[in-house]
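Below are the chains, spelled out letter by letter.
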Amino acid sequence: MTANAALLRDCLRDELGFRGVLVSDYNAIAELIRHGVAEDLPEAAALALRAGVDIDMMSDAYRKGLPIALRRRRSS
């Protein structure tokens, strides 16, 4: 769910009109690695942000991972 843009952004926000804040479930962003959805923390953070998660509750993925993800994107 944390990286599912079709559900979070397209369905919840666009179709259903939810305008509230989306907070990750505890360590859910970092768990994207364990579940095979992301290779590492920067990829997990980027996927969650693109999907529409506003706040990373606990995994620190946004603070630690997003700067690296941005650097990677600029260099590719």
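Below you will find a few notes about this structure. For every chain, the first residue of the written sequence is number 1, and numbering continues from 1 along that sequence. Reporting in this predicted model follows two pLDDT cut-offs: at least 70 for local features of residues, and 80 or more for side-chain atom pairs to be given and counted; totals over whole chains, interfaces and linings ignore these cut-offs and use all residues. Values reported for side chains reflect all heavy atoms of the structure, with hydrogen atoms and water molecules removed beforehand.

## Some details on the environment of alanine 45
Here is step 1 of the chain: Only DSSP runs of H or I with at least four residues qualify as helices, and only runs of E with at least two residues qualify as strands; both kinds are numbered from the N terminus onward. By secondary structure assignment, the location of alanine 45 is in helix H3 (residues 41–51).
Here is step 2 of the chain: Judged by relative accessible area, alanine 45 falls into the buried class, the value being 0%.
Here is step 3 of the chain: Here, residues are in contact when the closest pair of their heavy atoms is within 4.5 Å. If we ignore the near neighbours within four places in the chain, the residues touching alanine 45 are Ile29, Ala61, Tyr62, Gly65 and Leu66. Using a 1.4 Å probe on the protein chains alone, a residue whose accessible area is under 20% of its type maximum counts as buried, one over 50% counts as exposed, and one in between counts as partly exposed.

## Examining the side chain of serine 59
Here is step 1 of the chain: With respect to the helices, strands and loops of the structure, serine 59 is situated in the loop between H3 and helix H4 (61–75).
Here is step 2 of the chain: Take serine 59: its relative accessible area is 12%, and that puts it in the buried class.
Here is step 3 of the chain: Between N or O atoms, a polar contact is any pair within 3.5 Å; within protein, one atom must be a potential hydrogen donor and the other a potential acceptor, and residues adjacent in sequence are included only when both atoms are from side chains. A polar atom in the side chain of serine 59 sits 2.8 Å from the side chain of aspartate 56.
Here is step 4 of the chain: For serine 59, the contacting residues outside a window of four places in its chain are Tyr26, Asn27, Ile29 and Ala30.

## Concerning H3
Here is step 1 of the chain: Of the residues making up H3, those classed as buried are Pro42, Ala44, Ala45, Ala46, Ala48 and Ala51.
Here is step 2 of the chain: Summarising the contacts, the buried residues of H3 are in contact with helix H1 (5–15), helix H2 (28–34) and H4.
Here is step 3 of the chain: The distance from a side-chain oxygen at the start of H3 to the backbone nitrogen of glutamate 43 is 3.0 Å, and the residue carrying that oxygen is aspartate 40.
Here is step 4 of the chain: Two residues or fewer past H3, glycine 52 is found with a positive phi of approximately 120°.

## Digging into the packing of H3 against H4
Here is step 1 of the chain: Angular values range over 0 to 180 degrees, each being the angle between N-to-C directions of two axes fitted as lines to C-alpha atoms, with helices fitted over their stretch in contact. At a minimum axis distance of 7 Å, the contact between H3 and H4 shows a crossing angle of 95°. Put simply, H3 runs roughly perpendicular to H4. For the pair formed by H3 and H4, the contact residues are Leu41, Pro42, Glu43, Ala45, Ala46, Ala48 and Leu49 on the first element and Ala61, Tyr62, Lys64, Gly65, Leu66, Ile68, Ala69 and Arg72 on the second.
Here is step 2 of the chain: Charged means Asp, Glu, Lys or Arg here, nonpolar means Ala, Val, Leu, Ile, Met, Phe, Trp, Tyr, Cys or Pro, and polar covers whatever is left, Gly included. Its residues assigned to classes, the contact of H3 with H4 shows eleven nonpolar, one polar and three charged. Oblique is the label for every angle not falling under 35 degrees (roughly parallel), over 145 degrees (roughly antiparallel), or within 65 to 115 degrees (roughly perpendicular).

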